[in-house]
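Chain by chain, the residues run as shown.
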Amino acid sequence: MENMQYAEELIREFLVFRGFTNTLQAFEMELGTDIGKSFQVDKILDLIFSVYIPKFHAEKLVGLLSFFKQCFSSSTEIALIATLLKLEVSILRYYVVYALQSGRKDKVVEFFGMNGNDLLQRSTEWTPWFAIPYLKNPSLDPQFRIYFSKEWHEALCLSARNFFSEIFNGTRIPALLKISSEKKTVNCLKKDAEQLNQKLSQLQTLLEEKEAQLCQMRMKTSSAASVMDTRLLKSKNSMSSNGLRKEDLHLTSIQQDCSPATPNLGGIKLDPEQAYGGQFNGRDMPGEAFPEVKVNFQETFLGHTSSISRCRFSASGNNIASASIDGTVRIWTYEPSTPASRNATIYCGAEIMSLDWDLKSDRLLLIGTADGGIKAWNVDAKRVVCDLNTGEAFPSVLDIKCSPVEPIFVSAAASRRNGSSYIDSLGFASLTVWNMKTWKAMTVLPLGEDPPAITSLCFNHNGKILAASATDGMIHMFDMSAGLQITGWPAHDSAISSILFGTDETSIFSLGLDGKVFEWSLQNPGQVLWSRDCQRFFDPKASRHCRHEMALDAHGRRLLVTSSSVKAPIYQVRGPLEGMKTLAHNAAITTVDWHPTLPIFLTGSADHSVRVSSIP
C-alpha cells in the first residue's frame with residue numbers, strides 16, 4: 001500500500017510538472033473508483049466475500065473478475081491465466097450457492113439470465129447448473145453437495161488469498177511500484193555500510209592494541225628465555241662437575257596446570273552434578289573421534305536462570321531470542337555495533353516450547369507455551385500485540401512456523417496423556433493456520449482421525465509447501481494453497497523430533513529420536529540421499545526433558561545437532577569430512593540454530609547459558 005501511494009504521488013508530480021491538467025483530472029477521477037482496491041489482498045477479499053456476494057451484486061462481481069483478467073491478459077505465463085479462470089468459476093459458483101442458501105432463488109435466475117450465454121460459451125460444465133434453482137434440495141444432490149460444504153468454502157477463500165497474494169507480492173508489478181522498495185533497500189544498505197565501517201574501525205583499533213600486547217609478550221618471553229638458558233648452562237656445568245654422563249641429562253618441561261575447570265557462571269563456582277540436579281548433566285562421549293571445531297570468536301549469554309529450551313536468530317541475524325523452561329524469553333544481541341534498544345525479557349507463565357521470528361522483519365516474535373498460549377511480541381513496542389490460545393484440548397504448542405511470503409503462521413499443538421517420556425506424554429495433533437493481520441484462525445489442516453502429534457514444521461522457500469513430522473515417524477507434505485495433504489512417507493522407526501528443507505529445495509532433512517539423520521529426495525519421495533547415525537549423542541534418560549533438534553547453515557553444507565553430551569556434532573553434509581564437535585558447555589546442549597547468512601551458530605544448554613560461536 002505504501003509503495004502504491006508513493007507511485008501515485010510520483011505520477012501527480014510528473015503530470016503537474018508537464019502541465020497535463022486534463023490527464024491529472026482524469027487520473028484523480030479514476031482513483032476515486034479504484035476497482036482493484038490498490039491491489040490489497042484483504043480489501044479485495046472483503047469486497048468479494050463480504051460485499052458483492054452477500055448483497056447479490058452479481059454484475060459488479062463479474063466486472064471485478066473481468067478487470068483482473070484484463071490486468072494479466074498480457075502476461076506470458078499461461079498457468080497464471082488458467083489459475084485465474086478456475087478461481088473465477090469457483091467464485092461464481094459460490095455466488096449461486098450462497099443465494100440458494102439465503103433463499104434467494106430469484107437472484108440465481110437473474111444471474112443466469114445475465115451471464116448464461118457467456119458461461120456456456122466458456123465451458124459445458126455450467127450446463128447442469130442451470131437446473132439448480134429448480135431442484136428441491138440441491139445441497140443433497142451428489143453433483144452439487146460438495147459446493148454447499150463449509151470445507152469447500154474455506155478452501156476457496158484460502159485459494160483466493162494465496163492467488164492474489166502471490167500475484168501482488170511477486171515480481172509481476174510495474175517497475176514504478178518498485179521505486180519505493182528500492183529506495184528503502186538503498187537506505188538500508190547505506191546504514192549497513194556505516195555500521196560495517198564503524199565495526200571495521202573498532203576492529204582495527206583492537207588489532208593495534210593486540211599487536212602492541214603481543215610485542216610486549218615477545219620481549220618478556222625473549223628475556224625469560226635468556227634467563228632460562230643461563231640457568232640450564234649453570235646446571236649442566238654443575239652436573240658435569242659431579243661426574244654425571246651427558247646421556248643421563250633429562251630436561252624437565254615446564255607444564256601449566258591443566259586440571260579440569262569447574263563450571264563458573266557469573267563468578268560463582270558450581271559442581272555440575274549439583275548445579276543441575278543430575279537431570280541434564282552432559283558428558284563428552286567416549287570414543288568420539290570428531291575434532292573440536294575452531295572458532296573465530298565465541299560469546300556466552302548468562303541471562304537465564306534455568307535450562308534453555310529454544311534459541312533462534314531473527315531474520316536478519318542481528319537479534320537473538322532465547323527461551324527457558326522457567327517461562328521466560330529474552331531478546332538480546334551479540335553485536336556491539338547493533339543497538340540494544342530491543343533487548344527485553346518476556347514472562348510467559350509457562351514452559352516455552354516453540355519460538356519463531358517473522359521472516360519479513362525483525363519486529364515480531366511468536367512464542368508457543370505448554371499451556372496452549374501463543375504470544376506475538378513486538379520488539380519495537382516492547383509489548384505483546386496478540387495473545388492467542390489453542391484451547392484446552394491441545395495445550396502443548398510444540399512448534400510454530402511463519403510463512404516466508406504470506407502474513408500467516410502455522411501452529412502444531414498436541415493433546416496430553418500420561419507417559420514416562422516426552423514423546424509418550426503427547427496425544428493427538430492439531431495443525432492450525434493463523435492470519436497475522438487479523439490474529440484469527442483461518443483453517444485447520446486435515447490430518448485424519450486421531451492423528452499422532454506433530455513435533456516439527458518447516459515451510460519451503462515460497463511458502464507453498466509445508467512439511468510436518470510426527471511421533472509415528474511419518475513426514476507429511478501439505479499444499480498451502482489448497483489446504484490439503486499432497487504426499488507423505490514413513491521416515492523413521494521412531495518419533496521424528498526435527499525437520500528441515502534443504503537450502504536447494506530439492507531435499508528435506510529429518511532427525512529421529514532413534515538418533516538417525518536422513519536427507520530425503522523431494523523429487524523421488526522416500527529416497528535417501530544422505531544419512532548419519534548420531535545415536536552416541538542421544539541419551540534416552542534425557543528424553544523426558546530434552547527434545548532434540550537440528551539446524552542447517554546458510555549454504556546447506558553443515559548440520560548442527562543437539563546433544564546429551566556437553567559437545568554437539570556438526571556434520572558435513574555430503575562432504576569429504578565426517579564432522580566436528582562444538583566447544584564444550586557445562587551440561588547437555590538442548591537447542592541449536594544457525595545465522596541466516598553467516599557461519600555463526602547458537603547453542604543453548606541445560607547449564608542455563610546460550611553461546612554464539614563464529615567459525616571459519
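Anyway, here's the lowdown on the structure attached to this text. (Residues numbered from 1 in each chain as written. Predicted model: local features only at pLDDT ≥ 70, side-chain atom pairs only at ≥ 80, totals over all residues. Heavy atoms only, no water.)

## Details of the overall build of the protein
Test applied: Counting from the N terminus, the helices are the DSSP runs of H or I reaching at least four residues and the strands are the DSSP runs of E reaching at least two. For each residue, the accessible area found with a 1.4 Å probe, counting protein chains only, is set against the maximum for its type, and the residue is called buried under 20%, exposed over 50%, and partly exposed in between. A contact between two residues is defined here by any heavy atoms of the two lying within 4.5 Å. Shrake-Rupley sampling with a 1.4 Å probe provides the accessible areas, and residues are treated as covered by the protein chains on show and by no other component.
Secondary structure summary: the protein contains 9 helices and 30 strands in total. Counting only residues that meet the buried cut, the protein has 45% of its 616 residues in that class. A fraction of 51% describes how many contacts in the protein between residues 6 or more apart in sequence connect residues 24 or more apart. Within the structure as shown, the protein displays about 32200 Å² of accessible surface, and the carbon and sulfur contribution to it stands at 53%.

## A closer look at the sheet that holds strand S24 (residues 550-552)
Quick note on the threshold: When DSSP finds at least two bridges between two strands, those strands are taken to pair. Simply put, an axis is a line fit to the C-alpha atoms, just over the touching stretch for a helix, and the angle between two N-to-C directions goes from 0 to 180 degrees.
The antiparallel open sheet is built from 4 strands, whose spatial order is S24-S25-S26-S27. The open sheet has two free edges, formed respectively by S24 and strand S27 (579-581), since each of these has just one partner strand. On average, each strand axis in the sheet is tilted by 20° relative to the strand beside it, whichever way the strands run. With 3 bridges joining them, strand S26 (residues 569-572) and S27 adopt antiparallel strand pairing. From the neighbouring strand, Tyr571 faces S27, where its bridge partner is Gly579.

## Here's the deal with the nonpolar core
Inclusion rule: Here, nonpolar core refers to any group of buried Ala, Val, Leu, Ile, Met, Phe, Trp, Tyr and Cys residues whose side-chain atoms link them within 4.5 Å.
Counting residues in hydrophobic clusters, the biggest one holds 42 residues, and the most contacted among them are Ile48, Leu61, Phe111, Phe112, Trp129, Ile132 and Phe164. Counting only elements with at least two residues in this core, the list comes to helix H3 (41-52), helix H4 (58-71), helix H5 (78-101), helix H6 (105-122) and helix H7 (150-169). For this core, the element with the highest residue contribution is H5, accounting for 11 residues. Beyond its immediate sequence surroundings of up to four residues, Ile48 is in contact with Ile53, Pro54, Leu61, Leu64, Ile91 and Phe164.

## Describing H3
Short version of the rule: The span expected for a helix works out to 1.5 Å for each residue beyond the first. Taking the helix axis as origin, the arc is that swept by the directions to the C-beta atoms.
Between its terminal C-alpha atoms H3 stretches 15 Å, which fits the 16 Å expected from 12 residues at 1.5 Å a residue. All of the buried residues along H3 are Val41, Ile44, Leu45, Leu47, Ile48, Phe49 and Tyr52. Buried residues of H3, viewed axially, fall in a sector of 155°; they line one side.

## Observations concerning the sheet that holds strand S20 (residues 496-501)
Pairing is antiparallel in the open sheet, where 4 strands are placed in the order S20-S21-S22-S23. In this open sheet, the two strands that pair with only one neighbour each are S20 and strand S23 (528-533). Shown here is a sheet whose adjacent strand axes are inclined to one another by a mean of 15°, direction ignored. Here strand S21 (residues 507-512) runs beside strand S22 (residues 516-521); their pairing, made up of 5 bridges, is antiparallel. Pairing of Ile508 across the sheet is with Trp520, part of S22.

## Some thoughts on the pattern of salt bridges
We apply this condition: We count a salt bridge whenever a side-chain nitrogen from Lys or Arg sits within 4 Å of a carboxyl oxygen from Asp or Glu.
Applying the stated criterion across every chain yields a total of 18 salt bridges. The closest approach of N and O atoms between Arg161 and Asp42, which form a salt bridge, is 2.7 Å. With Arg161 in helix H7 and Asp42 in helix H3, this pair connects stretches of sequence that are 119 residues apart. Exposure remark for Arg161: the relative accessible area of 15% places this residue in the buried category. Residues Asp42 and Lys437 are paired through a salt bridge, measuring 3.8 Å at the closest nitrogen-oxygen approach. Here the residue Asp42 occupies a position in helix H3, and Lys437 occupies one in the loop between strand S14 (426-435) and strand S15 (440-445), the gap between them amounting to 395 residues. Asp42 gets classed as partly exposed once you look at its relative accessible area, which sits at 23%. Of the residues examined, Lys437 reaches a relative accessible area of 56% and is grouped as exposed. Residues participating in the shared-partner salt-bridge network are Asp42, Arg161 and Lys437.

## Quick notes on the environment of Thr438
Position of Thr438 relative to the elements: it lies in the loop between S14 and S15. Sequence separation between Thr438 and Cys386 is 52 residues, and the spatial gap between their C-alpha atoms is 9.8 Å.

## A closer look at the side chain of Thr443
Within the secondary structure, Thr443 is located in strand S15. Among the residues examined, Thr443 registers a relative accessible area of 16% and is labelled buried.

## Details of the pairing of strand S7 (residues 344-347)
Residues Ala344 and Ile346 line the buried face of S7, whereas the alternating positions Thr345 and Tyr347 sit on a face that is not buried. Sheet topology note: the strand S6 (residues 328-332)/S7 ladder contains 4 bridges and is antiparallel. Bridge pairing in S7 links Ile331 to Ala344.

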